[in-house]
Amino acid sequence: MTPIETAMEAARKRPGRLVMPETDDPRIAAAAARMHAEGLARAVPLAPLCDAHVAALRANRPMRVERARRLLEKPLIRAAAMVACGEADAMVAGIAAPTRRVIEAALLGVGLAEGIALPSSFFLMLMPDGRALILADCAAVPDPDAEALSAIARASAASCAALIGPPRVAMLSYSTLNSGAGPPVDKMRRATALARAAGVDAIGPIQADAALNPAIAAAKGVALDGPANVLVFPDLDAGNIGYKLLQELAGAQAIGPFLQGFRRPVCDLSRGARVEDIVAASVVTLAMAAQPAA
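Here goes a summary of the coordinates provided. Everything quoted here is computed from the prediction, not taken from an experiment.

### Topic: the pairing of strand β6 (residues 169–172)
Step number 1: Of the two faces of β6, the one carrying V169 and M171 and the one carrying A170 and L172 are both buried.
Step number 2: Relative to strand β7 (residues 202–206), β6 is paired through 3 bridges, and the arrangement is parallel. Bridging from a neighbouring strand, A170 pairs with I203 of β7.
Step number 3: Each parallel crossover has a hand, and the one from β6 via helix α8 (residues 183–197) to β7 is right-handed.
Step number 4: Where β6 lies against strand β8 (residues 230–232), 3 bridges are found, and the strand directions are parallel. In the sheet register, A170 faces β8, and the bridge partner there is L231.

In structure tokens, the structure reads:
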């Protein structure tokens, strides 16, 4: 089964609770109704503001109670606080709000997972030959340094574990191990070392062909246990170009982008998402909610 089919099956066995604050959009209402009818998830309404919501915000960012209450008047932020308080398993938003607003709400309400320095995103890529890959970051962090790339690798490994299986992370570069030099290679080398120190099964710097083909890797002096299933790109240019090339030239299905690195899952929908896209994204988000935080 594909990761989407696996997530659907898991959702039917244990339907999760989604808070979807943009209920004015008819696509959200239709997706919520479909998920309820198919036994995939239950959309919970926005809860009345309470002291627990205030405490969730103040735990993530020091502020006065009065300011927290003002911020919680915003549906996105209150929805994020509901996830932090256990009133919902995940938040699905972004159909009417830009990504930066969804990230802002998640930072305030949910907070970052321990050891994660910044939020990032990934695409779930379903290849025509049946393979599934996690590609990051393709949508959120324009020019990550080594520390940011390490955080992206760690969060992406957790996403892979939730959706695909044991992660094998490749830190992509134009150089494999010590075959090249220069600041971009040095950045990926340091990012790999930081990711490995954090417990991530990562190899790099490594070229894309070597990361995906153990025979090519062996010819370049690298022993792989198997092809990488998580590809971490050196910057947003490379990541965005890479996933679109897989779409257009290889016929891959790109699902996402999904936000990652938070204590609990938050889904950032495309503003052009169709009802079926919202359902698929919601089910994937719930699959991540069933896993321990990164």
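On we go from here.
### Digging into the sheet that holds strand β1 (residues 16–19)
Step number 1: One open sheet holds the 4 strands; their spatial order is β2-β1-β3-β10, and the pairing between them is parallel. Across the chains shown, the open sheet's two edge strands, defined by having one partner strand only, are β2 (41–44) and β10 (266–268). Averaged over all neighbouring strand pairs, the angle between strand axes comes to 30°, with direction disregarded.
Step number 2: As judged from the 4 bridges shared by β1 and β2, these two strands associate in the parallel manner. In the sheet register, L18 faces β2, and the bridge partner there is A43.
Step number 3: Together, β1, β2 and β3 (90–93) form the strand contacts of helix α5 (residues 75–84), whose direction differs from that of β3 by roughly 160°.

### Overview of the side chain of Q260
Step number 1: Position of Q260 among the secondary structure elements: in strand β9 (residues 253–260).
Step number 2: Engagement of the side chain of Q260 in a polar contact is seen with the side chain of S159, the distance being 2.8 Å.
Step number 3: Those residues in contact with Q260 that lie beyond four places of it in its chain are P119, S120, S121, F122, A136, I152, A155, S156 and S159.

### Quick word on unusual backbone geometry
What is expected of a backbone is that most residues other than glycine have negative phi and most peptide bonds are trans.
Step number 1: Cis peptide bonds are those with omega within 30 degrees of zero, and the linkage from A136 to D137 qualifies with -20°.
Step number 2: For D137, the location among the structural elements is in the loop between β5 (132–136) and α7 (146–163).
Step number 3: Cis geometry is found at the peptide bond from G204 to P205, where omega equals -5°.
Step number 4: Among the secondary structure elements, P205 is positioned in strand β7.
Step number 5: Non-glycine residue L177 carries a positive phi angle of around 55°.
Step number 6: As for its placement among the helices and strands, L177 is situated in the loop between β6 and α8.
Step number 7: We classify L177 as partly exposed; its relative accessible area is 29%.

### Description of the side chain of S159
Step number 1: Tracing the backbone shows S159 in helix α7.
Step number 2: Overall, the relative accessible area of 4% leaves S159 in the buried class.
Step number 3: The contact partners of S159, leaving out residues within four places of it in the chain, are F122, Q260 and M288.

### A word on a nonpolar patch on the surface
Step number 1: Together, I241, L245 and L249 make up an exposed nonpolar region whose accessible area comes to about 330 Å².
Step number 2: Exposure remark for L245: the relative accessible area of 45% places this residue in the partly exposed category.

### With respect to the nonpolar core
Step number 1: Ranked by size, the top nonpolar core spans 89 residues in total, and within it L57, M91, V169 and M171 carry the most contacts.
Step number 2: Among the elements that line this core, the one with the most residues is α7, at 11 residues.
Step number 3: Ignoring any residue separated from it by four or fewer positions in sequence, one finds M171 in contact with L149, A153, M188, A191, T192, A202, I203, G204, P205, I206 and V232.
Step number 4: Grouped together as the second largest cluster of nonpolar side chains are 18 residues, L135, A210, F233 and Y243 included.

### Things to note about the environment of L286
Step number 1: Take L286: it is sitting in helix α12 (residues 275–289).
Step number 2: The class of L286 is buried, set by a relative accessible area of 10%.
Step number 3: Sequence separation between L286 and R196 is 90 residues; the distance between their C-alpha atoms is 27 Å.
Step number 4: If sequence neighbours within four positions are ignored, L286 has contacts with G16, R17, L18, L40, A41, D89 and A90.

Scoring rules and cut-offs
Residues numbered from 1 in each chain as written. Predicted model: local features only at pLDDT ≥ 70, side-chain atom pairs only at ≥ 80, totals over all residues. Heavy atoms only, no water. Buried < 20%, exposed > 50% of the residue type's maximum accessible area, 1.4 Å probe, protein only. Helix = DSSP H or I, 4+ residues; strand = E, 2+ residues; numbered from the N terminus. Pairing = 2+ DSSP bridges. Right-handed = clockwise from strand over helix to strand, strands pointing away. Axes fitted to C-alpha atoms, helices over the stretch in contact; angles between N-to-C directions. Contact = heavy atoms within 4.5 Å. Polar contact = N/O pair within 3.5 Å; in protein donor to acceptor, adjacent residues only side chain to side chain. Patch = residues over 30% accessible without salt bridge, like charges linked within 9 Å, V, L, I, M, F, W, Y side chains within 5 Å. Areas by Shrake-Rupley, 256 points an atom, 1.4 Å probe, with all protein chains shown as cover. Salt bridge = Lys/Arg side-chain N within 4 Å of Asp/Glu carboxyl O. Core = buried A, V, L, I, M, F, W, Y, C linked by side-chain atoms within 4.5 Å.

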